[in-house]
Amino acid sequence: MRRPLLKYIIYVCMGIIIPCKVYAIDITVGASTWYAWGSRYEDAQDYSIRNNNNYAFDPTFFYGPAVSVKLNNDFNLTFVYLYTKFDYTETVYKDFGGAYFVKSKIQRSDSDLALNYRLNHYLKVFAGMKYLGYEVKSSYDDTKQGTHSCQSKHNSFGPGLGLSSAYPVTENIFLLATLSGFYLFSPGEKFEDNLLYDGDRPAKMTIGYNEYGINTNISVAYYIAQISTVISLGCRYQYFITDYYDYEPFLINNIKNQIYGITLTATYTFSL
């Protein structure tokens with residue numbers, strides 16, 4: 001799923017940039033990292049799940065490319081892609097006593113493609129497309145039901161809209177801030193389970209859902225004029241809700257997710 005997405009984004013960028021080749025354009029390329037913590041809250045129909053619906057994730061590194069193309073004095077195109085892969089273990093307590101440990105492996109992707117318009121010297125408005133995706137593989141040993149494993153693939157796309165601001169503190173130091181919202185659509189989360197529950201839960205199913213939420217970023221940037229490079233350090237917060245509308249017999253109504261942490265980005269600018 002990630003390769004077709006990246007190819008599509010490249011084609012879109014080329015379609016926008018090629019007509020502008022008669023003009024000089026500035027291109028910024030670099031890398032971005034996000035050292036982030038995460039947590040989620042599940043709103044479930046089943047009482048036993050309601051007792052075990054809070055999860056926290058150990059911090060992990062997101063990393064990926066950051067690209068910006070200045071088309072003219074008013075418009076620029078930006079693309080950021082972040083990826084992470086990590087393991088985590090959660091403890092689930094049973095209503096009738098005892099507990100078991102669920103071990104999961106997660107791969108997560110988060111990307112944004114946006115067209116920015118300069119409103120004034122300090123403020124820009126932007127609109128574009130966002131992609132969220134992750135794959136989860138989990139397993140645990142249950143004394144009653146034996147070894148249990150399941151996996152799911154989760155992909156969503158949709159529009160985003162926001163504001164960004166850059167305020168100069170000195171000649172080389174800037175304060176940067178971004179606030180955006182998004183609403184994403186999905187063909188459905190593909191869920192596969194090797195264990196049937198009471199004979200009424202299928203081993204494979206597709207659960208329909210939409211996602212919506214916000215992103216916010218605050219950072220301090222330092223411009224190194226001699227090498228046309230910007231280094232920025234800050235923090236990012238993301239909150240979104242996965243709203244399942246076709247959850248029978250999945251038993252989960254929605255999941256509230258939040259991810260927050262420290263960002264570090266380095267970019268280099270050149271002209272064509």
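Use the structure listed above.
Quick notes on the rules
Residues numbered from 1 in each chain as written. Predicted model: local features only at pLDDT ≥ 70, side-chain atom pairs only at ≥ 80, totals over all residues. Heavy atoms only, no water. Helix = DSSP H or I, 4+ residues; strand = E, 2+ residues; numbered from the N terminus. Phe/Tyr/Trp six-rings, centres within 6.5 Å; stacked < 30°, edge-to-face > 60°. Contact = heavy atoms within 4.5 Å. Buried < 20%, exposed > 50% of the residue type's maximum accessible area, 1.4 Å probe, protein only. Polar contact = N/O pair within 3.5 Å; in protein donor to acceptor, adjacent residues only side chain to side chain.

Caption draft 1: Region of interest: the environment of Tyr 245. Following the sequence through the fold, Tyr 245 ends up in the loop between β11 (229-244) and β12 (252-271). Residues Tyr 245 and Gly 188, 57 residues apart in the sequence, show an inter-C-alpha distance of 10.0 Å.

Caption draft 2: Up close: the packing of aromatic side chains. The full count for this structure, using the stated rule, is 12 aromatic pairs. With centroids separated by 6.5 Å and ring planes inclined at 10°, the aromatic side chains of Trp 37 and Tyr 260 adopt a geometry described as stacked. Of this pair, Trp 37 sits in strand β1 (residues 26-44) while Tyr 260 sits in strand β12, and the two are 223 residues apart along the sequence. Judged by centre distance (6.1 Å) and plane angle (25°), the ring pair of Tyr 268 and Phe 270 falls under stacked.

Caption draft 3: Region of interest: the environment of Gly 160. Mapped onto the secondary structure, Gly 160 falls in strand β6 (residues 146-168). Along the backbone, Gly 160 and Ile 214 are 54 residues apart, and their C-alpha atoms lie at a distance of 9.2 Å. Beyond its immediate sequence surroundings of up to four residues, Gly 160 is in contact with Phe 126, Ala 127, Gly 128, Gly 181 and Phe 182.

Caption draft 4: The side chain of Asn 254, seen in detail. Summarising the element assignment, Asn 254 is placed in strand β12. Its relative accessible area of 14% is what places Asn 254 among the buried residues. Of note is the side chain of Asn 254, whose polar atom sits 3.2 Å from the side chain of Lys 256. The contact partners of Asn 254, leaving out residues within four places of it in the chain, are Tyr 41, Glu 42, Asp 43, Ile 241, Thr 242, Asp 243 and Tyr 244.

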